[in-house]
Structures are given as structure tokens and as C-alpha cells.
Amino acid sequence: MKTDFEKRYQRAPLHRPAEKVSARVRAASEDLAARLHKQPDRLVSLPYYEELFTTEKRKKELQILNRKVVGTYCYFAPEELIYASGDVPIRLCSGHSDTITTAEELLPRDICPLVKSSFGFPILGDGWIDACDVIALPTSCDAKTKLGEYLADYLPVWMINLPKIKNYDGLKEYWLKEIKLFLHKLEELNGKKVKAPELKNALQLLKRRAELYRAMYELRLAHPLLLSHQDLLMVVQSSFYDDLPRWINQTELLYNEMKKASATGKYAAKGKRLMITGAPIIWPNFKILNIITELGSTVVADDMCAGHQRLWDYAEPDEWTLEGMLEAVAARYIFPSVCPCFTTSYDRIDKILHLAREAKVDGVIYHDLRLCQIFDMEKDLVVKVLKENQIPVITLHTDYGQEDVEQLRTRIEAFLEMIL
Amino acid sequence: MITAGVDIGSVGTKALILEDGKILSTEIMPTGSRPKITAQMVLAKALAKVKLKPDDVRHVVSTGYGRRVVDFGEKTITEISACAQGVKFLGAPKGTVRTIIDLGGQDIKVITLDDEGNTKDFVMNDKCAAGTGRFLEVIAHALEIELAKLGELALQAKQTITINATCTVFAESEVISLLAQDVKKQDIIAGIVDSIAERIAAMSNKIGMRPTVAFTGGGAQNIGLVKSLEKKLDTEMYIPELPQFINALGSALVAQRLQSLR
Amino acid sequence: MHTITYIRRGVQILSLTFLFYGATLLHLKPTEIKWYAMQENSRQATELLYGNPTWTQPFQTFLPARSCRFAGTHGTFRGCLMFFFSDILTWRPPLGVVLPSLALVVVLMVMLARFWCGWICPLGFMSELLYEARKYLGLKRIRFSAPLRNLLKAVGWGLTFIILFSAWFISWSAVAWSIKKPLYLAVCQMCPSKLITPALTGFPIMINLTFPGASTTLLVSLFVVLVASTLLYFSGFILKRAWCKICPLGVILSFFNQGAFLSKEKDLIRCTKCAVCASACPMETSTVYEEKTKKYVNHSQCIHCYRCVDLCPEKKCLTVKFLGLPLFKS
Ligand code: SF4
Ligand code: SF4
Ligand code: SF4
Ligand code: SF4
């Protein structure tokens, strides 16, 4: 299988299965699932999603499935194309803190926890990456850009050269070429060409997913506790792994249940209505959300690439020709993206303002992941604009570890006291 | 009516007894490893000083890092709100306080207040201890000097040296190497104090400091730091009489309000 | 789904039918249409009767769209706006005679601006049909690059200027007849509609490269332009609305786009900057996407097709308003 890394020099790839670490990883998921399970008045469609995190069922299914599995990172690896080729995308961004020490044997310490955490898995020979045939890695931030070379020691890696300047005329053509190149790689992998009807199916499937999410989002604006934000992120993030049509069916059930439950009127927000912005909060690193729940407030919105943003956008072609659809796919990943890896934060600020207003939030929590420079550098302006718009905001500078939970609690509690 | 505020900080635990807006007594002890017991002891001692029994106290409110471990408090508030409340209560001997700098054991907090004295915004240092009270303690230990004397000594410095206060551990080793170079202790202390002041000033400027600035917490007792910070911020600061007890005072005040609500 | 596009298609079909076949279908009373030529001695137009009567309304016989006179017997109008303007500039009739028609045409322009292009003009509609045929065949489209778009815009302006200027120029007595004759109604001589509309309505196509007493050089040059513009029109097969990018009537209408009664507004905060609108725009304008500080998003070349509004994925992000009343919402 082709890789973008033609080997001339090579690190010694580290393989270190460690049952202890793997057990801790499993325990972290199970603890969180158990915790979510105990929430009062929880909808009955939800445990389905927990299973994707706590059991190996789906992974086993993937391993016996006669389809190629493409591991992806970030928001930018075009799912439409992977589905159109008949392959399965799995997003490998991880929120486990337990694999970080393992990864640090190869990776430097001073890089973002998400990358370290994700890289722990190939070393352990555990997790979703085990089921992957190839990895598609966009060059979003510095750490992701360099991660490819490390991963190439374990699996074939395709880099996706992500542009950083959202300039419509220039970027459209350039990025479309990159998208076509990616399609070409997929076609080579599968030994068959992707045809317009297949791509159309994929686009429509993902549009259905987006519409379903949008409907859920709207329902949740009025009744936020239908799904606690932990549950919402769990649902969103389970779509990283699940079989898409099955996920859609299940989520339609969930949506119907939500609709019915909303009539009871007991799912109104408790305490303050908060919004979370900033670096991705990925299963099982839900500590901030858990603290907010414990303090009796409700998160009603987020703009994260592993949350709201992931399922919100879809490709809307002007014409359903192959070219037209590819253009739409290309546009969908770049232009509406609020990832801070692009040069300006303005689009993101607009998005935050919109969500904050629409969800009528009392305050915004800026989740600043330690050693993620891009979110950190955007923080100042985001905070300033929010304050100018009379939206209180607090920055939480933290990482995947649990040791600062008490300090975070103090900050969040003080923030809640402040916006009384 | 008598109320009490207990502030369980990371280094010291403080208690303050308040009767209708008058401070009856205060007490401070190192928090140690068993904050729950320490808190009980501090409160008991503070009460004993003015010959009161626990039953005389109507309400207790706890604050500080360990606020959730005590079992006698009826309510907990964060040290940020407590600090703002305390300062608001003390009035405005040097003009309306609009910014509070609080230097505690493991936190530096800068709080801005609106014209009514309510919290408008705040920043705290990250989980790193550089520049906090703990940091001063480590340096004092390395220099074999009592913590309380650091301030005085800093003022006696003849020359200024620059020390990096971004990491406690590295700053400590820097101090030790300076000692090896026969640099005077006073100068080193002045350098350390300057670097902390620098950090605090950066935080306050970032959040938009407005005078008058109040300086509270244990750090405010360090006269060297006060002077250095005043120079950096270019403003005279208001230092309350019992700077470490402001948070305890704030929570005792909140306890009084509990009553009036009933 | 895509409601606006469907409504628009309906309106376009109706208007094409009405403009091109209205006289026949609705049994409107036909009168004579005159195919003029400049007469040397009388300084008058000679009526070269081709025997093609068409209906004349009491006053309004021109529309700010390609209601082409070459629709002949079946067509409803005497000509398009460009024809009307050229005629006025050449003959300078007493104001009283043309005022009712002129006033109405101006009102229609001011009110709807290039809405005429997007919804009424048969020529524009047919070029969209061409484009649909390409989609159906699955052939690849070509997008105009920004420089090419600017070039075409400049050409359109140039063409408009030449048309209007020549119409006025030939009214000077000092100008030689060999120049006057070929330049008479230069607008029609260069218009692709001159070839396309007759083909659809059965009107004979008239191309005369050796008109008595006229400069053959000029006649041939005009013919070359006609061929070029017709080719451009048919390139609309792969280049969306290619001709409309230079159409002189469009150029004139575009002056009214900013202040027209119809206006598109964008909720700047709701807009996710997804650029769906930019890629959907048949005129390849990207204002709707690119405007990030002002809520009015009316590009001068916008033909009010509202494809952008139709496809915009964000609810209530784009709104079309007529005198402040919302008509369509995304
Ligand atoms: S040929 Fe062109 S300019 Fe002349 S009337 Fe027809 S549409 Fe108008
Ligand atoms: S630009 Fe010209 S041809 Fe195109 S729609 Fe408008 S009037 Fe008709
Ligand atoms: S389609 Fe709508 S949301 Fe997208 S850029 Fe255009 S106006 Fe904005
Ligand atoms: S801007 Fe919108 S309404 Fe105007 S031409 Fe383009 S797609 Fe049509």
C-alpha cells in the first residue's frame, strides 16, 4: 500500500503492548460511561452510544468487514470521498490521558496532549488504529503535520496538504486539486474508480446526518437537558466510529425520543446556560463538563471540531456532476471551518457570537488546551470581542490530566458566582 | 449576631470571627496534610481567643482551596468572591478599589471590580506555582532566610539582577548558582521579588487594571514586593491591615447575609 | 428543497412563452412591424416590409429584457430596451410620443433591476437550459477566472458604449451615409438574439453583408462581432451564462442593482462563510460570500436568481426583500 513517506531514514518503531495502560484506558471509558449512565431522567436510546466506547464490538466488526478502514485525524479528511469509495473512516483523535506517558517515549513532551494521546495507541497496539489500513492526516497544526512521519512507521500514511489562508479565489482551485489527489489515492487503494452516483449517495448520507444533527440542536436549544452536553458529545463522537447508516437510524430513534420527551417540559436548563469554545473536548476527557454539571449549571452550546462543528456542515453542490460534487466537498471542509489553524479567527468569532446569542448563553468557557498554540493565540481576540458584546468569558488553561480538577472547579465556580 | 469565615488555603488556613460588622478575632495555622482537622482547630482557636463557644456562632461559610472538605460550613464560596466581598467591606481609604491583587500560597489572582464592588472579571495563574507564595517559600529556604524577612532584605539591594521566575524549580537552582558566585543575598532577593512583580504586573495589565489597586493575601506582607509592584504598576496600592484574612472576612460577611435572608 | 429554483424555472417558462409566442397563443391583435433602413435623401427610415406583423400594445412595447423584435409574428413585444433606446437616440422623437413607454420602462428597471435577467429574459433562460443540457450529459463545466470575468465586464461596458454612441452618432447630418446605414440599430446587428430568437419563432434570419450604399467593411465587422457574441452565447453550454456577462442590456440594468426595490440581505453573524453561495452563483459573483461587514449583498452583476438564497445551508441567513418585505429566506 502506498504511503507519502518513502523511507530513507527511519526511527525504530516502538511496540510496547502494556496491559496495565490498556486497562486504565478501558477503565477511563467505563468510568465515564457509568457516570453518564447515572444521570437523572436519561433517555433510553443513549446507552447504545456508550457501547461504542466501552466494548470492542465495533472494532471486531471492522476487522472482519471486507472494507478498507481509513483512520483520519481532525476535521479535514473528506469523509464523503471515503464513503464514496466504499471504505470506512475512523477518526483517531483521542482524549485519553493514560496513553500520554507511553507516547512521550517517542514524541517530545512539549506538544499538544491530543497528539500525544492519540499516538500512544499505535505503540500499545491498541485502540481504533489497530483496525485501520491506512491513515489520512491533514496538516492542520504543527503537531499533526509532524505526526505523519511518526505514524508512517506503523501504517501507510497519506498527508493532506491543508491550506491555511482562506482566500476564496486562490484556495478553491488549489484545495480542489488536493481533494482530487486524495480521491485518486483512495481509488488506487480500492482498485476502482469512484463514479458520480456513489459520490452522490455519500453526499446525501452525510447531508442527512447534518440535518439530523441540526434538528437535534434546535430541539435542544429549548430543552438543553434532553441531552447533557456530555451525552451530546458522546453521540457526536460515536459517529467517528460507528457504521454511518446504523448511526443515523439510531440517532433518528434518539431524536424521536427527544421530541417526545421535550413535551414533558422537565428538560429545561438548570443554573446558568454556558457555551464551550476552544480546543476539542474528546471522550473521555469530559472533566470540565462534569465539573459544570456538578456545580449545577448547563452547557447548551459548543463550537468544537469534535462537537457541534463536526456534524453541522455538509456539502451542498450547485450541480450533481462529479466535478460539481468534488467542488462542494472541497468547499465544505475549508470555508465554514472555524479551526484556528487558518490565519484569521474572525469567522470563528462570528460563529461563537451567533451560537452564544442563539443559545442565549450567560457565559462562555474558553477551553485552552495547554501547548496548543493556535487556540491560545486566538484567545485574546475572542475574549475581547465577547466581552465587548456583554458576554462574560473565562479561559481554562488545562490539559488531559486530572490533577487540576480542583483548581478548575474554583475557576468555574468563581465564574458562575461572577455572572450571578 | 456572630458569624465566622474559614479560608482553607493551600498553605495557611485562616479563621475570622465577625460580630455585626466588627472583627472579633482572627487565627491562622499552616494547612498541613489534613485540612479538615486544621480547619476545625483554627476555628476553635479563634473562638477561644474571645471566649466563645461553637454554639455562639450562627453561621460559618468556608472558602479557599479546601472549602469543600470542611463539614461545619453551611455554604461555600470561591476565594474570588470572598476576596471581593472582603475588600468591598473595608471601604475605600485610598479611593474606590477597582482591582484586587491577591497573592496566596499557590495562586496569583487579579480581580477587577465594577463600581458597585462586584466581581467584573478575574484571572488566575495556571497550575504552575511560579511567582506564588509557595515560590517565595522555596526561595527563602534556598537562601536560608526566614520568609517574613524577605521583604526587608529586598529593599536593601544595591544592584539589580534579573532572575527568571517562569519555573519554581529552575529559579531555585538559579538562586543557588548565584549564591555560588558570591552575589549578595539582598540582591538576589530583590531580583526574585522583581521577577514576581513583573509577572503580576503583566497579569494585571492584561486584564485591564484600574486604580485603586488593593493588594491582599500573604504576599502583601512582603514590603519589598509591594514597593516593586507599585513601581511596576505605577500606582500606590492599598494594603489592608490583615491582608491574609480578607478571604475569611469575605466569607464571614457572606455568612451574615445568610441570616438576613432567613 | 430548492423551492426558489423551481418557482423561477416556472416563471421563466411562462415568460419565454409569453414573450416569444404570446401574440399567437393569446390571439392578440397583430399590427405591422417595420424593419427599417436609413434612407439617403429623406433622412428617413425606409420601411422594408418583410410582411411580419406583430402586436403593438397601446403604449408599452419594450421590456428591460430580451423581448426581441425578431420574435416576429408570434412575439408579444416590439423589441427590447436596447432597441428602444437606440431608436430614441437616432430619431430623437418628440418627448411626448415616447414618454409613456420610456417612463414605464424606466420604472420597471428601477424597481426590479436585473431581476429581469434572472426571471424574465428568454435569452438568459435559454442559456441556462443549454447549461442544464451539459449537466445532463455530465460534461465538465468551466469557471471564469477572476481576470477573465473582469475582462468580460470591460467588454460589456465597451459594447454598451459603442451601441449607444453609434445610435446617437448616426443622427448627425455630417456623418456619411455609408457609415450611417450599417450602423443603424447596431445593437441588433451584434446581438446573438438576432440569430437565436428567429430560430425559435420561425422569423427569417436577416444577414445582409452588401447593403446598397453601405460600407461593406463596417457591415462585415459588425457581422464578425455578431458571430463572436453568438459563439460566446453558445459557450454558455460549459460557461454558465457566458453571454450575460457582457450583455449591454445587463450592463444598463446593473446600474440599478444597488438601489432597486429588490434587495438581498445577509445576517453577517449567522453566515458561516461556507461559500456555497459563491459556488452556486451563475454570474460567478462572490459578494454574498465575501461581504463580511455590511448586510446588503447586491453585486452589480447579480441577476436576482436567488440560487444563493436557495442553497445557503444556514436558516434565515439570506433574505430577499421587496421594499423591506421579506420575499424569500434561506
Ligand atoms: S436583436 Fe437583440 S437588441 Fe435587437 S431587439 Fe432583439 S434582443 Fe434586442
Ligand atoms: S444579461 Fe442580457 S441576455 Fe442575459 S438575462 Fe440579462 S438581458 Fe437577458
Ligand atoms: S451560503 Fe449562506 S452561510 Fe454560506 S457563505 Fe453564503 S451566505 Fe454565508
Ligand atoms: S448573487 Fe445570488 S441571486 Fe445574485 S446572481 Fe448570484 S446566485 Fe443569483
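Residues numbered from 1 in each chain as written. Chains lettered and ligands numbered in written order. Predicted model: local features only at pLDDT ≥ 70, side-chain atom pairs only at ≥ 80, totals over all residues. Heavy atoms only, no water.

Can you tell me about the overall build of chain B, naming the residues and giving the values?
Helix and strand counts for chain B come out as eight helices and 10 strands. In summary, chain B has a C-alpha radius of gyration of 19 Å against a globular reference of 18 Å for 262 residues, a match within 12%. Across its three principal axes, chain B shows a C-alpha extent of roughly 60 × 40 × 30 Å. Sorting the 262 residues of chain B into buried and exposed places 53% on the buried side. Taking all contacts inside chain B whose residues are at least 6 apart in sequence as the whole, residues at least 24 apart take part in 66%. (Helix = DSSP H or I, 4+ residues; strand = E, 2+ residues; numbered from the N terminus. Rg over C-alpha atoms; globule rule 2.2 N^0.38 Å. Buried < 20%, exposed > 50% of the residue type's maximum accessible area, 1.4 Å probe, protein only. Contact = heavy atoms within 4.5 Å.)

I'd like a rundown of the interface of chain B and chain A, residues and numbers included.
Each partner contributes to the interface: chain B provides 20 residues, whereas chain A provides 19 residues. For the chain B and chain A pair, buried surface summed over both sides reaches about 1700 Å², with 47% attributable to carbon and sulfur atoms. Counting across the interface, chain B meets chain A through four salt bridges. Its salt-bridge partner being D380(A), residue K206(B) comes within 3.7 Å of it at the nearest N-O pair. At the junction of chain B with chain A, the criterion picks out five residue pairs in polar contact (both at pLDDT 80 or more). Within the residue set of the side of chain B that touches chain A, elements represented by two or more residues are α2 (79–90) and β8 (119–124) of chain B. With five residues, β8(B) is the largest single contributor of residues to the side of chain B that touches chain A. By residue class, the composition of the side of chain B that touches chain A is five nonpolar, six polar and nine charged. (Buried area = accessible area lost by both parts, 1.4 Å probe. Salt bridge = Lys/Arg side-chain N within 4 Å of Asp/Glu carboxyl O. Polar contact = N/O pair within 3.5 Å; in protein donor to acceptor, adjacent residues only side chain to side chain. Nonpolar A, V, L, I, M, F, W, Y, C, P; charged D, E, K, R; others polar.)

Lay out the pairing of strand β7 (residues 363–369) of chain A in plain terms, naming residues and giving numbers.
Residues and elements named next belong to chain A. The element β7 is largely enclosed, with a buried count of seven among its seven residues. Going residue by residue along β7, you find G363, I365, H367 and L369 tucked away on one face and V364, Y366 and D368 tucked away on the opposite face as well. Strand direction decides the pairing type here: strand β5 (residues 273–278) and β7, joined by five bridges, are parallel. Within β7, the position partnered with T277 by the bridge is Y366. In this structure, β7 lies alongside strand β8 (residues 393–398), joined through six bridges in parallel fashion. Each residue of the ladder has a partner; that of L369, found in β8, is T398. (Pairing = 2+ DSSP bridges.)

Quick rundown of the side chain of K272(A)? Include the residues and the values.
As for its placement among the helices and strands, K272(A) is situated in the loop between α11 (244–262) and β5. Every residue in contact with K272(A), bar those within four places of it in the chain, is listed here: S297(A), T298(A), D362(A), L416(A), I419(A) and L420(A).

Outline the pattern of salt bridges, listing residues and values.
Within this structure, the stated rule accounts for 66 salt bridges over all chains. With its nearest N and O atoms 3.6 Å apart, the salt bridge here joins K379(A) to D368(A). Taken as a pair, K379(A) in helix α16 (residues 373–388) and D368(A) in strand β7 lie far apart in primary sequence, 11 residues in all. The same class applies to K379(A) as to D368(A), namely buried. Among the salt bridges present, the one from K232(B) reaches E198(B), with a minimum N-O distance of 3.8 Å. Of this pair, K232(B) sits in helix α7 (residues 223–233) while E198(B) sits in helix α6 (residues 185–207), and the two are 34 residues apart along the sequence. When its relative accessible area of 33% is taken as the criterion, K232(B) is described as partly exposed. Taken together, the salt bridges that share partners define one network made up of D318(A), E327(A), R141(C), R143(C), K240(C), E284(C) and R307(C).

Hey, could you go over the domain arrangement of chain B for me, with residue numbers and the actual values?
All names here are of chain B. With domains assigned, chain B is organised as domain 1 (2–80 + 245–260) and domain 2 (93–239). In this structure, domain 1 and domain 2 have C-alpha centres spaced 26 Å apart. In this assembly, seven residues from domain 1 lie in contact with 12 residues from domain 2. Applying the counting criterion to the domain 1 and domain 2 interface returns zero salt bridges. (Domains from an automatic or database assignment.)

With reference to specific residues and values, describe the sheet that holds strand β8 (residues 318–322) of chain C.
All names here are of chain C. The strand order across the open sheet built from three strands is β7-β8-β9, with neighbouring strands paired in antiparallel fashion. Single-partner strands in this sheet number two, and they are β7 (262–266) and β9 (325–329). Here the average twist between neighbouring strands, direction ignored, is 30°. Sheet topology places β7 next to β8; five bridges connect them, and they run antiparallel. Counted as the bridge partner of S263 is K321 from β8. (Axes fitted to C-alpha atoms, helices over the stretch in contact; angles between N-to-C directions.)

Outline the interface of chain C and chain A, listing residues and values.
Contacts between the two partners involve 32 residues from chain C, matched on the other side by 27 residues from chain A. Where chain C abuts chain A, roughly 2400 Å² becomes buried across the two surfaces, and 47% of that area is made up of carbon and sulfur atoms. On the surface where chain C and chain A come into contact, there are 10 salt bridges. Across the pair E218(A) and K315(C) runs a salt bridge, and its minimum N-O distance is 3.2 Å. Counting across the chain C and chain A interface gives 11 residue pairs in polar contact (both at pLDDT 80 or more). Elements with a contribution of two residues or more to the side of chain C that touches chain A: α5 (122–137), α6 (146–169), α12 (276–280), α13 (287–290) and α14 (307–311) of chain C. Taken together, the residues of the side of chain C that touches chain A break down into 14 nonpolar, five polar and 13 charged.

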